[in-house]
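Okay, here's what each chain looks like letter by letter:
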Amino acid sequence: MAKPVEIKPEEQFARSYVDRLILTKLSEMEAAVKLGELADKLAQQNVGLAMVRSLMASNPNIFAYHERRWIPASRLTGQGRPFAEVMRLILDAFGAPVSLDTLIDEIVRVRDEDRDLVESQARRFIDRDVRFILIEDQHVGLIDWGFLAKDQKLSRALAINRVTQEEFDEAAAKLANVDFRSTTWAADALKTGAPMRLKAIGAVAYSKLNSDDPRSILLYDAKAVYSALFTVPGFVFAPDGKFYPAEEATKWINLASKLADKLTPSVELDDAQPIDVKQEDVARMVEKILSADKSTTAIKLLEEFYEITPGTKTFVDDLANMMTALQGSEKVAWVGGDRFRKAGDMPDYIYEVPEPFQFVESGVKNEENEDVDVELIDDGLSSQLRKLLQHPLALDVLDEEVQPALKSQPETIRCVLKSIHRELGTFPLAQIPTGWVDPAPTIQEAIFVDPNGRELQVWINNEARLMYNLIDWWYEQPIESGAVFTLTKTAKPNVFEFAYLDQPDPVVYISAQRMEELRNLGAAAEGKSTLQLLIEVMAHWPKGADYLAILAEINVVRRTSRRLLASLLSSYPCFYQRSGSPVWHFDGKKVDQGFDKAKKRFVKK
């Protein structure tokens, strides 16, 4: 048996919200034979077919697959129940107010009765049954979602509604300036307090409008407070009973999408043979790719044309057949993962390494007409420096030996942004483990998704060993050198989760003031040897500096290879290390000693 997927509380919260979106559209359709039709209705909310299929199939409490159709589970659980209980079951499944028309339609489907009769009964129960409330926008809800109290003392009312004193005090502090007798109190309360629980807002309103004095006039009206809050635009009533700004819902949909991907392997709804992609279908799909203003994924095409999702048993074979069929067309280009776009529809700048990454020799000679800046072979370097030459923070574009692929690839990798890449909107594949990004094709498109659900199109050139088009996100980061971010693989090919970490890398980090000093050195670098520039850089470090820190700084001044820096540190006596210390120091008194003659035999030819 497959191991059950562990669902975190925040994931359950998110999926409950998306379940409500799906349930709303499903109720409007009466039933769904093809989930693609349901997914089309949710497309504007970024809820796709695979997500719909996965969430519906993994929540039998809300959705039922009955007689080869998808229906709300309440239609089955409500069979034979009293009228009012059917109403309660439907509303409870939604977890938020439902339009009166939708509620009536659902009751008709459960009870199989005349609609006019059902509407008459529903309105009668809403008027007389204290459990239900019809709010101003003609939506029906369960009254116990709100704060129910009339003449109880505040402490008793809080206890009945399960609002703790701590929650009440926090809400009261946030809403201290809200006038609950004004006509705009509900909007003011949500703008000030959200996210906040409906019950907590009601508790504060109760404390302001009622008094524990038995002779006072009781002004609190639970239904009026409830109705006013639910009719404020721009806010969403969430599964945890809180109101949130509507824009927060995007995060919940993204999180539910990730959960749906995890749930997919356990979803088995069909038993079909792998598809045979016919030429006429290929022609239609190619036209769709050509007409799109961005790349189209083979997984999306499988959903739209065949209603096949990652939860389908034959998905792996279906995707392979689809990929083969599309790659056979000269009109479209495969750009990695399962992504396709119009052939030749890629930006020109991703085909070459930007000029600032090129290394330029200083050409400066010493008194003996020998180059001042020389590189040494490995034998001329210490074992420590030889190891550091292969450190990910030392490697860079045009300055790396590609490492062997790891046998086991990590799900998440840590990356450090250096100043030159921040300025150019790039990132080197040298920092990414070999094999973590697919080696083919040479030019690939990847999608980075940040914690807020924003997406960024990133181009990868496996031959140039660079990622491009990151400048918008790089410039949102105030740290010019040393910002740390992570990339995490997702279930979707070439889609990666992106997140900045709070702390910069302690070795490569350069402060804004120091960056300015280094840029000034670079502006005056014409005609100087890299050795002279290194001396000026090292003069800033009276207590010494790590090789990787020095490499980061010298590269702000002038593009310098990792081996040249290691060679200069090793060849000139003015640079030294104390025994057992990894830190490099500078001794200005030894500058005149020049090049260490003992290192001549190690000079790289």
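For the structure itself, consult the block above.
Everything in this summary refers to the structure shown in the same document.

Quick notes on the rules
Residues numbered from 1 in each chain as written. Predicted model: local features only at pLDDT ≥ 70, side-chain atom pairs only at ≥ 80, totals over all residues. Heavy atoms only, no water. Phe/Tyr/Trp six-rings, centres within 6.5 Å; stacked < 30°, edge-to-face > 60°. Buried < 20%, exposed > 50% of the residue type's maximum accessible area, 1.4 Å probe, protein only. Helix = DSSP H or I, 4+ residues; strand = E, 2+ residues; numbered from the N terminus. Contact = heavy atoms within 4.5 Å. Salt bridge = Lys/Arg side-chain N within 4 Å of Asp/Glu carboxyl O. Pairing = 2+ DSSP bridges. Expected span 1.5 Å × (residues − 1). Arc of directions from axis to C-beta. Polar contact = N/O pair within 3.5 Å; in protein donor to acceptor, adjacent residues only side chain to side chain.

1. As for the packing of aromatic side chains
Applying the stated criterion across every chain yields a total of 29 aromatic pairs. Consider the rings of Phe180 and Trp185, whose centres lie 5.3 Å apart with planes at 40 degrees: the pair is tilted. The pair Phe180 / Trp185 is uniform in exposure class, with both members buried. The interplanar angle of 50 degrees and the centroid separation of 5.1 Å between the aromatic rings of Trp473 and Phe498 together place this pair among those described as tilted. Linking Trp473 in helix α19 (residues 471-474) with Phe498 in strand β18 (residues 495-500), this pair joins segments that are 25 residues apart in sequence.

2. What about the environment of Gly78?
Its location among the elements puts Gly78 in the loop between α4 (74-77) and α5 (83-94). For Gly78, the contacting residues outside a window of four places in its chain are Val86, Leu89 and Val110.

3. Quick notes on the pattern of salt bridges
Following the criterion strictly, the structure yields 40 salt bridges and no others. Note that Arg563 and Asp378 form a salt bridge whose closest N and O atoms lie 2.8 Å from each other. With Arg563 in helix α23 (residues 562-571) and Asp378 in the loop between β11 (339-342) and α17 (383-388), the pair connects residues that are 185 residues apart, well separated along the chain. Where Arg562 meets Asp399, a salt bridge forms, and the shortest distance between an N and an O atom there is 3.0 Å. With Arg562 in helix α23 and Asp399 in the loop between α17 and β12 (412-417), this pair connects stretches of sequence that are 163 residues apart. A single burial state applies to Arg562 and to Asp399, both of which are buried.

4. Focus on the sheet that holds strand β7 (residues 235-237)
If you walk across this open sheet you meet the three strands as β6-β8-β7, and the pairing is antiparallel. With partners counted over all chains shown, the strands left at the sheet margins are β6 (196-197) and β7, one partner each. Inspection of the sheet shows β7 paired to strand β8 (residues 242-245) by three bridges, in the antiparallel sense. Directly across from Val236, in β8, lies its bridge partner Tyr244.

5. A closer look at helix α7 (residues 115-128)
In a regular helix each residue adds 1.5 Å, so 14 residues correspond to 20 Å; α7 covers 20 Å between its end C-alpha atoms and thus fits that length. Taken together, the buried positions of α7 are occupied by Val118, Gln121, Ala122 and Ile126. Mapping the buried residues of α7 onto a view down its axis gives an arc of 135 degrees, with all of them on the same face. Away from the buried face of α7 by more than 90 degrees, exposed residues Asp116, Asp127 and Arg128 are located. Buried positions along α7 lie against α5, α6 (100-111), β4 (132-134), β5 (139-142) and α12 (222-230). Capping of α7 at its N-terminal end is provided by Asp114; its side-chain oxygen lies 3.1 Å from the backbone amide nitrogen of Asp116.

6. Observations regarding helix α21 (residues 530-538)
Counting buried positions over the nine residues of α21 gives seven, a clear majority of the element. Listed as buried for α21 are Thr530, Leu531, Leu533, Leu534, Ile535, Val537 and Met538. Packing partners of the buried residues in α21 comprise α20 (512-523), α22 (547-557), α23, β19 (575-577) and β20 (584-586).

7. Quick word on the pairing of strand β17 (residues 483-489)
Summarising burial for β17: six of the seven residues are buried, a large majority. As paired elements, β12 and β17 share six bridges and run antiparallel to each other. Bridge pairing in β17 places Leu417 opposite Ala483. Taking the residues between adjacent antiparallel strands as the criterion, β17 and β18 are bridged by five residues, where Asn494 takes a positive phi near 60 degrees.

8. Here's the deal with the sheet that holds strand β16 (residues 466-468)
Pairing between the strands of a sheet is mediated by backbone hydrogen bonds and can be parallel or antiparallel. A sheet is described by the order of its strands in space; here seven strands give the open sequence β12-β17-β18-β14-β15-β16-β13, paired in mixed fashion. For this open sheet the edge positions go to β12 and β13 (427-428), each flanked by a neighbour on one side alone. Note: strand β14 (residues 443-449) against strand β15 (residues 455-461), seven bridges, orientation antiparallel. Bridge pairing links Ala446 to Val458 in β15.

9. What about the side chain of Thr488?
Its location among the elements puts Thr488 in strand β17. By relative accessible area, Thr488 is classed as buried at 17%. Within polar-contact distance, the side chain of Thr488 engages the side chain of Thr412 at 2.9 Å. Setting aside its immediate chain neighbours within four residues, Thr488 contacts Glu411, Thr412, Trp436, Val495, Phe496 and Glu497.

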